[in-house]
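Topology and contacts: notes
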Amino acid sequence: MASGISILGSGSLGNSILIHNAENGILVDAGFSRKEILNRLNLLQIEPSIIKALLITHEHEDHVRGSRILADHLGISTYLTDETFRYLRSSNKIGEKKVLFDPGSPFQIEGFNIEPFTVQHDALQTVGFIIGTGDHKIGIATDLGHLNRLAIQRLRGCDAIVLECNYDTSMLRDSERPFFIKKRIMGRHGHLNNEDAINAFDEIITEKTRFIFLAHISLECNSYELVRNLALEKLKIMQRTDILLNVIEQSRPLNTVWI
Ligand SMILES: [Zn+2]
Ligand SMILES: [Zn+2]
């Protein structure tokens, strides 16, 4: 069966990714309001009732803004780690139904195989996900300061990879942001810069890779065009211009990509 990747948007103002087939889907993060998520699904002509579960990567607002209201609205369970759950419960961000998972322990939802894995980021317990749809594997790692061995190992072999490409180092250095914030973003538990993300292609792209989605791109310290050009240049050097590249924007969803 064909697998759909519908990225509703990505960036520091909100993140939400739907992995689905014609009947069922799994939403990774609800970083926009319920209204906005429903709007964006509508733009993509996706029926919200296909969403059978919400997975949470970590507790930052740009990943959980609409989590409680959306999950309760759809009557679905929220899947998250114990530490993330405790934090979200205390801030009333969690829906009525929840299922806890351990990073490193795979589980199944409606025929989707979910493998959460730990990534380095400045939240309580951040995870990326590999979602197996039966025929395909989709890897998602959107908030990480450093692509460690584990993350590389998990993303290798996926048909499609959604990877953070957050900032251009010189644009961040020259920005008006306070020093401590710059330091946080650039740290190994912050966000992935263009250079590290693009260089990672050498390690995560295999002969199986057919789609790359670059996500969580900073509006102030990066540009969609720069990211696209750097990535295309790299794919050309790697002689992998067969790979379909998508640069994910903050303000609008990307048309569903079917694999
Ligand atoms: Zn984020
Ligand atoms: Zn984050």
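Look up a bit, the structure's there.
Residues numbered from 1 in each chain as written. Chains lettered and ligands numbered in written order. Predicted model: local features only at pLDDT ≥ 70, side-chain atom pairs only at ≥ 80, totals over all residues.

**What about the overall build of the protein?**
Of the regular secondary structure elements, the protein holds 10 helices and 14 strands. By the compact-globule yardstick of 18 Å for 259 residues, the protein fits well, its C-alpha radius of gyration being 17 Å. Each principal axis of the C-alpha atoms in the protein carries an extent, and together these give about 45 × 45 × 35 Å. Burial analysis of the protein (259 residues in total) assigns 48% to the buried set. In the protein, the proportion of contacts linking residues at least 24 apart, taken out of those at least 6 apart, comes to 65%. (Helix = DSSP H or I, 4+ residues; strand = E, 2+ residues; numbered from the N terminus. Rg over C-alpha atoms; globule rule 2.2 N^0.38 Å. Buried ≥ 20, exposed ≤ 12 C-beta atoms within 10 Å, placed from the backbone. Contact = placed C-beta atoms within 7 Å.)

**Focus on the nonpolar core**
Counting 66 residues, the largest nonpolar core has Leu54, Leu55, Leu163 and Leu214 as its most contacted members. Residue contacts for Leu163: discarding those within four places in its chain leaves Ala141, Ala197, Ile212, Leu214 and Ala215. (Core = buried A, V, L, I, M, F, W, Y, C linked by C-beta atoms within 7 Å.)

**Quick word on the sheet that holds strand β12 (residues 211–215)**
The strand order across the open sheet formed by 7 strands is β7-β8-β9-β10-β11-β12-β13, and the pairing between neighbours is mixed. The sheet is open, and its two borders are formed by β7 (107–109) and β13 (244–247), each paired with just one other strand. Neighbouring strand axes in the sheet, compared pairwise and without regard to direction, differ in orientation by 20° on average. The sheet contact formed by strand β10 (residues 137–141) and strand β11 (residues 160–164) spans 4 bridges and is parallel. If you follow Gly139 over to β11, its bridge partner there is Ile161. On top of the sheet, helix α10 (residues 224–237) reaches β12 and β13; it is set at about 160° to β13, its chief contact. (Pairing = 2+ DSSP bridges. Axes fitted to C-alpha atoms, helices over the stretch in contact; angles between N-to-C directions.)

**Regarding the sheet that holds strand β2 (residues 16–20)**
Taken together, the 7 strands give an open sheet; going across it, the order is β6-β5-β4-β3-β2-β1-β14, and neighbouring strands pair in mixed fashion. Only two strands of the sheet have a single partner each, and these edge strands are β6 (98–100) and β14 (257–258). Here β2 pairs with strand β3 (residues 25–28) via 4 bridges, running antiparallel. Paired with Ile19 across the two strands is Ile26, which belongs to β3.

**Some remarks on the pairing of strand β8 (residues 112–118)**
The pairing of β7 with β8 spans 3 bridges and is antiparallel. Considered in β8, the bridge of Ile109 is made with Phe112. Connecting the antiparallel pair β7 and β8 is a turn made up of 2 residues, with Glu110 showing a positive phi of about 45°. Bridge count for β8 against strand β9 (residues 127–132) is 6 bridges, and the pairing is antiparallel. Following the sheet pairing, Asn113 is matched in β9 by Gly132.

**Quick notes on the pairing of β3**
On β3, burial covers both faces: Gly25 and Leu27 on one face and Ile26 and Val28 on the other are all buried. Hairpin connection between β2 and β3: a loop of 4 residues separates the two successive antiparallel strands. In this sheet, strand β4 (residues 51–55) lies alongside β3 in parallel orientation, the contact comprising 4 bridges. Along β4, the bridge assignment pairs Val28 with Leu55. As a crossover connection, the stretch from β3 through helix α1 (residues 34–43) into β4 is right-handed. (Right-handed = clockwise from strand over helix to strand, strands pointing away.)

**Quick word on unusual backbone geometry**
Even without being a glycine, Asp29 presents a positive backbone phi close to 70°. Positionally, Asp29 belongs in the loop between β3 and α1. For Asp29, a count of 28 C-beta atoms within 10 Å corresponds to the buried category.

**Let's talk about the environment of His58**
Mapped onto the elements of the fold, His58 is located in the loop between β4 and α2 (61–64). Accessibility expressed as a C-beta count within 10 Å gives 25 for His58, which makes it buried. Beyond its immediate chain neighbours, meaning those up to four positions away, His58 contacts His63, Thr84, His121, Ala123, Leu124, Gln125, Thr126 and Asp143.

**Some words on α1**
Taken as a whole, α1 has its buried residues at Ile37, Arg40 and Leu41. End-on, the buried residues of α1 take up no more than an arc of 105°, which puts them together on one face. Facing away from the buried side of α1, by more than 90 degrees, are the exposed residues Lys35 and Asn42. The elements touched by buried residues of α1 are β1 (4–9), β2 and α3 (67–74). (Arc of directions from axis to C-beta.)

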